[in-house]
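# A structural walkthrough
Residues per chain are reported as follows:
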Amino acid sequence: MKILKWIIRLLLAGAVCIMALMAGLAIFTFSAETGDVSGQRSGQLTEWIRDNVQEHIESSPEGRQLAEKVKGFVVRHSPWGDDWNQNIRKLAHFSEYFLMATLIYLILTILRVPWWLKAILVIMACGGLACLDELHQSDVAGRVMSKKDVLIDTSGAVFATLTYGILGRFWKWLGS
């Protein structure tokens, strides 16, 4: 029975590994876009978000008030101020690596790797991938290598790892 459980664990870890590879491929595909194409894509996304916020959130007085609070917070605390396109691009960096860290963390959880080792492996893997991604991007027309992007990417991985570590401890606490 133990052998069957480990076979199932390995198959499940393999399936999640395929998802992680697909996420990595998506990251590298986006990085292979020229600066113009990437700028157009993020510009379209920014417009889509702005249109949906105006249509769905700002359609009521409470929604307008919430939208103004969020805008004020972002403008005050973001290094890019009210440049919404840049803010969304950096949020995308953070989110991509949060997802990648989630998938790697899940693989290692399925394989029953201890938390401290899981944390080290996830952050190293995502940090390494971020460095390779920026190196790859430096060879693409209209794109540059950015240490700040590596830091943002790695921050997404660190945040995911800490979130799942805390949730895991809380889950164990609830069970005891």
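Everything discussed here concerns the structure shown above.
Here's a quick rundown of the structure. (Residues numbered from 1 in each chain as written. Predicted model: local features only at pLDDT ≥ 70, side-chain atom pairs only at ≥ 80, totals over all residues. Heavy atoms only, no water.)

### Observations concerning the overall build of the protein chain
For the protein chain, the count of helices and strands is six helices and zero strands. Of the regular secondary structure in the protein chain, the N- to C-terminal order runs α-α-α-α-α-α. With the C-alpha coordinates aligned to their principal axes, the bounding extent of the protein chain is approximately 60 × 45 × 25 Å. Residue pairs in contact within the protein chain that sit at least 24 positions apart in sequence constitute 71% of those at least 6 positions apart. For the protein chain, the computed accessible surface area is about 11600 Å², with 71% contributed by carbon and sulfur atoms. Of the side chains in the protein chain, 18 bear a positive and 16 a negative charge, and the two mean positions are spaced by 16 Å. (Helix = DSSP H or I, 4+ residues; strand = E, 2+ residues; numbered from the N terminus. Contact = heavy atoms within 4.5 Å. Areas by Shrake-Rupley, 256 points an atom, 1.4 Å probe, with all protein chains shown as cover. Lys, Arg positive; Asp, Glu negative; His and termini not counted. Charge placed at Lys NZ, Arg CZ, Asp CG, Glu CD.)

### Examining the packing of aromatic side chains
Here the structure, examined in full by the defined rule, presents five aromatic pairs. Between F94 and F159, the ring centres sit 6.0 Å apart and the planes meet at 45°, which makes this aromatic pair tilted. You can see F94 sitting in helix α4 (residues 84–110) and its partner F159 sitting in helix α6 (residues 147–175), a full 65 residues away along the chain. Seen from the ring of W6, R9 lies directly overhead, with NZ or CZ sitting 5.7 Å from the centre. Its guanidinium or amino end placed over the ring of Y105, K118 lies 4.6 Å from that ring's centre, counting from NZ or CZ. (Phe/Tyr/Trp six-rings, centres within 6.5 Å; stacked < 30°, edge-to-face > 60°. Lys NZ or Arg CZ within 6 Å of the ring centre and 35° of its normal.)

### A look at the packing of α4 against helix α5 (residues 115–137)
Running from N to C, α4 and α5 point in directions that differ by 140°, and their axes come no closer than 9 Å. Classified by the interaxial angle, the pair formed by α4 and α5 is oblique. Read as a crossing pair, α4 and α5 show a hand that is right-handed. Judged by residue contacts, H93, Y97, M100, A101, I104, Y105, L108 and T109 of α4 engage W115, K118, L121, V122, A125, C126, L129, A130, D133 and E134 from α5. Here the contact of α4 with α5 is built from residues that sort into 13 nonpolar, two polar and three charged. (Axes fitted to C-alpha atoms, helices over the stretch in contact; angles between N-to-C directions. Parallel < 35°, antiparallel > 145°, perpendicular 65-115°, else oblique. Left-handed = near helix turned anticlockwise from the far one by under 90°. Nonpolar A, V, L, I, M, F, W, Y, C, P; charged D, E, K, R; others polar.)

### A short note on the nonpolar core
If you look at the biggest cluster of nonpolar residues, it comprises 22 residues, and the most contacted ones within it are Y97, M100, A101, I104, V122 and C126. Elements represented by at least two residues in this core include exactly α1 (2–31), α4, α5 and α6. Not counting residues up to four positions away in its chain, the partners in contact with A101 are V122, C126, A157 and A160. (Core = buried A, V, L, I, M, F, W, Y, C linked by side-chain atoms within 4.5 Å. Buried < 20%, exposed > 50% of the residue type's maximum accessible area, 1.4 Å probe, protein only.)

Keep in mind these numbers describe shape, not what the thing actually does.
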